[in-house]
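# Report on the structure
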Amino acid sequence: ILALAPAVSAHMVMANPVPFGNPNSSPLDEKGSDFPCKMVPGGSTEGTVNEFAVGSSQQLSFTGSAVHGGGSCQLSVTLDNPPTKNSAFKVIYSIEGGCPASANGNFEKGSNDSSGFPFTVPSEVPNGKAVLAWTWFNRIGNREMYMNCAVVNVSGGSDDKAAFESLPDMAIANIPQSTCHTAESSDFTFENPGKYTTRIGSGPFVGLCGGGASAPNSPPVQSAPGMASTVVPVLPPVQTNNAPTTPSITSTVHTVVTVTAPSGTVSNSLAQTPVQAPSQAPAPPTKGGDTSCTTDGAVVCNGESQFGLCNHGQVAWQAVAAGTKCNNGVIQKRDFTHRAQR
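In the annotation of an unreviewed UniProt entry, the protein is listed under the name Lytic polysaccharide monooxygenase and assigned to Pleomassaria siparia CBS 279.74.

Here you go:
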């Protein structure tokens, strides 16, 4: 037993919010017997109650070193205490890729634990005691689902449950309670991640349930501020004709890209900004393009045609939008002209 202990403890366990039941680091049972929350019949949620004021900033953190190359995670809440197999868990935060950490494999033994993710308690969660769940679908290794849960006491919000009930349901995969099965060596997108979402993985991104590849590194509909965001307006096509009496016109078209990078750790907020889809999906990141960097959140250039964001000491390259270039850590517009006949 002692010989096996280091291997077991190496897996990831939610450290904050403090989970109930003193969970071990193994995934959910492949037969689904301990779903949800690794609970067994007659199990209790007694233990630490985590205080959650609506609008407050909280920290999701972990202990362990076996991050299995990252993957995708969700935070969800149920009003059932204790939760059952029929409980409705509603998503309050989705992390697509890079969770619980961005890594090619696992952390080295003895290295620091994952620094985790800040998140904000949304106003949709009603007042009172509830159960928060962290779920994780690993990128590398066996096709598994990890789940730890914590009791929270929500205050400063509303007693109305209508907004909470409108939130999307927690994703389930790789256990008998779902027909969904994940692919290996991919970061996952959720079919309905909710409006509080961050995408930080290096991809390739595929649908959690094998729904096919999504546009690599394309931003989610809502992304948490603190992450760099790219806004690319879709320009209308130039109308042309061949009327000989109309003089040629020289016009200048600007493609504007706004990139906002934080000076510190990536953070999450309720203030969400919709992101317009580019006219075509950006080019996929260069394979093997991960490289080291020093300042989290900084924009890093790879020549003029590629950029990336420094995330936990690594950066994954992606192509800049058409009409822009990366220069000294700044995305700049290019001016170009074309001639159109009217």
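Further notes follow.
Turning to the sheet that holds strand E3 (residues 57–63), a few remarks are in order. An order of E1-E3-E6 is seen for the 3 strands of this open sheet, with the pairing classed as antiparallel. Edge positions in the open sheet fall to strand E1 (13–16) and strand E6 (117–120), since each of these has one partner strand only. The mean inter-strand angle of the sheet, taken between neighbouring strand axes irrespective of direction, is 35°. Where E3 and E6 come together, 4 bridges link them in antiparallel fashion. Each bridged residue has a counterpart across the sheet, and for Gln 58 the counterpart in E6 is Phe 119.

With that settled, the discussion passes to the packing of aromatic side chains. Applying the stated criterion across every chain, the model contains 6 aromatic pairs. Ring geometry for Phe 52 against Phe 119: centres 6.0 Å apart, planes inclined by 55°, an arrangement best described as tilted. Of this pair, Phe 52 sits in strand E2 (residues 49–53) while Phe 119 sits in strand E6, and the two are 67 residues apart along the sequence. In this structure Phe 119 comes out as buried when scored by relative accessible area, which is 1%. Note on Trp 134 and Trp 136: the rings are 5.9 Å apart at their centroids and 20° apart in plane angle, and the pair reads as stacked. The exposure class of Trp 134 is buried, given its relative accessible area of 0%. An aromatic cluster of three or more residues is present, and its members are Phe 62, Trp 134, Trp 136 and Tyr 146.

Cut-offs applied
Residues numbered from 1 in each chain as written. Predicted model: local features only at pLDDT ≥ 70, side-chain atom pairs only at ≥ 80, totals over all residues. Heavy atoms only, no water. Pairing = 2+ DSSP bridges. Helix = DSSP H or I, 4+ residues; strand = E, 2+ residues; numbered from the N terminus. Axes fitted to C-alpha atoms, helices over the stretch in contact; angles between N-to-C directions. Phe/Tyr/Trp six-rings, centres within 6.5 Å; stacked < 30°, edge-to-face > 60°. Buried < 20%, exposed > 50% of the residue type's maximum accessible area, 1.4 Å probe, protein only.

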